[in-house]
Amino acid sequence: MSGDLFQLDDEAPWPERLGPGTVHLHAFARAEAPAVLAAIAAVEGRAPFRHMVTPGGFTMSVAMTNCGAQGWVSDANGYRYSPVDPLSGEPWPAMPAMLQALAREAAAQAGFPGFAPDACLINRYAPGARMSLHQDRDERNLAAPIVSVSLGLPAVFLLGGMSRRDPQRRILLEHGDAIVWGGEDRLRYHGVQPVKDGRHGLLGALRINLTFRCSV
Ligand code: MD6
Ligand code: FE
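Here, residues in each chain are numbered from 1, in the same order as that chain's written sequence. To read the labels, note that chains go from A and ligands from 1, taken in the order they are written. Restriction of local features to residues with pLDDT of at least 70 applies here, the model being predicted, together with a cutoff of 80 or more for giving and counting side-chain atom pairs; totals for whole chains, interfaces and linings are based on all residues. To get the side-chain values, take all heavy atoms of the structure and skip hydrogens and water.

Participant: Outline the coordination of the iron ion (ligand 2), supporting the account with residue identities and numerical values.
Facilitator: Only nitrogen, oxygen and sulfur atoms qualify as donors, provided they sit within 2.8 Å of the metal or within 3.2 Å for Na, K and Ca; with water excluded from the atoms, sites may seem incomplete. Those protein atoms acting as donors to the iron ion (ligand 2) are His134 (NE2), Asp136 (OD), Asp136 (OD) and His190 (NE2), and they sit at 2.0 to 2.7 Å. Labels for metal geometry use angle windows, namely 85 to 135 degrees for all angles of a four-donor tetrahedral site, and for square planar (four donors) or octahedral (six donors) sites opposite donors over 155 degrees apart plus all others within 65 to 115; sites meeting none of these are irregular. Here the iron ion (ligand 2) binds six donor atoms, and the angle range of 50 to 166° at the metal identifies the geometry as irregular. Donor residues for the iron ion (ligand 2), ordered by position in the chain, follow H-x1-D-x53-H. In this pair, Asp136 sits in the loop between strand E7 (131-134) and strand E8 (146-152) while His190 sits in strand E12 (residues 190-192), placing the two residues 54 residues apart along the sequence. Just as Asp136 is buried, His190 falls in that class too. Elements are defined by DSSP. Helices are runs of H or I of four residues or more, strands are runs of E of two residues or more, and each kind is numbered from the N terminus. A simple rule labels every residue: compare its accessible area, found with a 1.4 Å probe on the protein chains alone, to the largest value its type can have, and call it buried under 20%, exposed over 50%, or partly exposed in between.

Right under this line is the structure:
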């Protein structure tokens, strides 16, 4: 019986195909999570998490920062990539080599070899934070996939279709899970349901998601 206590943590990573260009890599980054968190702490020291404002004037419930040559930003003027952190006027912190290697490996395992992202958007969710349904279409390079890594509290990821009205699949993203999507799935609508309160051993009452993109 005592083995059951550890079953979840011992589970080996396993891939699950969700679409022609979408793969859910369960537990992909679980072993590397402490190193990922250390990398985020270093980024956060120079580019703190902040709640950006949408072009429509709403403050996002998710707190964000970036690392890499480009960072995703939102303000009254719209959504775009910027080489500079608007808070500091300085370039975003460089993407730590460890994060770059992790993203490259996830993409390769999902059938997209040679992934070289220039942008990593880091999203931080407190309980109740959510992300409404959207497409990722601010990147000029839609040929490259997106790699998403989730840590901490679980969340329900909504995976829709090419139209906002298409039915959505609910996908539980747990600590260490990665999702890779590209090809014909690259512009699928998606969102995140409000994160439920809870405690995670490494992150406490937080969920962190990193999305790696080729922006140019
Ligand atoms: C999140 N993720 O999981 C938000 N976008 O917190 C995204 O918006 C996302 O996970 C494109 C591809 C994968 C993603
Ligand atoms: Fe997205």
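Participant: Hey, could you go over the packing of helix H2 (residues 33-46) against helix H3 (residues 97-109) for me, with residue numbers and the actual values?
Facilitator: Between the N-to-C directions of two axes lies an angle of 0 to 180 degrees, each axis being a line fitted to C-alpha atoms and, for a helix, fitted only over the stretch in contact. Two elements in contact, H2 and H3, have axes whose closest approach is 9 Å; the angle formed by their N-to-C orientations is 130°. One element, H2, and the other, H3, form an angle in the oblique class. Read as a crossing pair, H2 and H3 show a hand that is left-handed. Mapping the contact onto sequence places Ala35, Val36 and Ala39 in H2 and Met98, Leu99 and Leu102 in H3. Polarity classes work like this: nonpolar for Ala, Val, Leu, Ile, Met, Phe, Trp, Tyr, Cys and Pro, charged for Asp, Glu, Lys and Arg, and polar for all others, with Gly in that last group. Its residues placed into classes, the contact of H2 with H3 shows six nonpolar, no polar and no charged. Put simply, angles under 35 degrees are roughly parallel, angles over 145 are roughly antiparallel, angles from 65 to 115 are roughly perpendicular, and the rest are oblique. For any helix crossing, the convention is left-handed if the near helix is rotated counterclockwise from the far helix by under a right angle, and right-handed if that rotation is clockwise. Residue contacts are counted whenever heavy atoms from the two residues lie within 4.5 Å of one another.

Participant: So, the side chain of Arg50: which residues are in play, and what are the values?
Facilitator: For Arg50, the location among the structural elements is in the loop between H2 and strand E3 (63-68). Taking relative accessible area as the criterion, Arg50 reaches 12% and is therefore assigned buried. Throughout this description, a polar contact denotes any pair of N or O atoms lying within 3.5 Å of each other; where both atoms belong to protein, one of them has to be capable of donating a hydrogen while the other can accept it, and for residues adjacent in sequence the pair is counted only when both atoms sit in side chains. Among the polar contacts made by the side chain of Arg50, one reaches the side chain of Asp85 at a distance of 2.9 Å. Once residues lying within four places of it in the same chain are set aside, the contact partners of Arg50 are Val62, Ala63, Met64, Thr65, Asp85, Pro86, Leu87 and Trp92.

Participant: Account for the sheet that holds strand E10 (residues 169-173), naming residues and giving values.
Facilitator: By this definition, two strands are paired if DSSP reports at least two bridges between them. Taken in spatial order, the four strands make up an open sheet running E7-E12-E9-E10, and their pairing is antiparallel. The open sheet has two free edges, formed respectively by E7 and E10, since each of these has just one partner strand. Taken over all neighbouring pairs, the strand axes of this sheet differ in orientation by 20° on average, direction set aside. Where E7 meets E12, two bridges bridge the pair, whose relative direction is antiparallel. Following the sheet pairing, His134 is matched in E12 by His190.

Participant: Would you mind going over H3 in detail, with residue names and values included?
Facilitator: Given a rise of 1.5 Å per residue, 13 residues ought to cover 18 Å, and the 18 Å separating the end C-alpha atoms of H3 matches this to within 8%. As for H3, its buried residues are in contact with strand E2 (22-26), H2, E3, E8, strand E11 (178-181) and strand E13 (207-213). Backbone geometry just downstream of H3 places Gly111 in the positive-phi region, at approximately 100°. Given a helix with a known number of residues, its expected span is that number minus one, times 1.5 Å.

Participant: Which residues make up the pattern of salt bridges, and what values do they have?
Facilitator: Pairing between side chains of opposite charge can happen when the charged atoms of each approach one another. Put simply, a salt bridge is a Lys or Arg side-chain nitrogen that is within 4 Å of an Asp or Glu carboxyl oxygen. One pass over the full model with this rule turns up six salt bridges. Measuring nitrogen to oxygen at the nearest pair gives 2.9 Å for the salt bridge that ties Arg50 to Asp85. You can see Arg50 sitting in the loop between H2 and E3 and its partner Asp85 sitting in the loop between strand E5 (78-82) and H3, a full 35 residues away along the chain. Each member of the pair Arg50 and Asp85 is classed as buried. Of the charged contacts in the structure, one is a salt bridge between Glu139 and Arg186, with a shortest N-O distance of 2.9 Å. Here Glu139, found in the loop between E7 and E8, pairs with Arg186, found in the loop between E11 and E12; they are 47 residues apart in sequence, far enough to count as distant. Considered together, Glu139 and Arg186 belong to a single accessibility category, that of buried residues.

Participant: Go over the packing of aromatic side chains with me, naming the residues and quoting the values.
Facilitator: Aromatic rings from Phe, Tyr and Trp, with only the six-membered ring used for Trp, were paired whenever their centres fell within 6.5 Å, and each pair was classed as stacked if the ring planes differed by under 30 degrees, edge-to-face if by over 60, and tilted otherwise. Overall, the coordinates contain two aromatic pairs when judged by the stated rule. For the pair Trp72 and Tyr79, a centre-to-centre distance of 5.4 Å together with 25° between the ring planes defines the contact as stacked. The partly exposed category is assigned to Tyr79, whose relative accessible area is 44%. Sitting above the plane of the Tyr125 ring, Arg207 keeps its charged end 4.8 Å from the centroid. Geometrically, a charge over a ring is one whose NZ (Lys) or CZ (Arg) sits within 6 Å of the ring centre while staying within 35 degrees of the ring normal.

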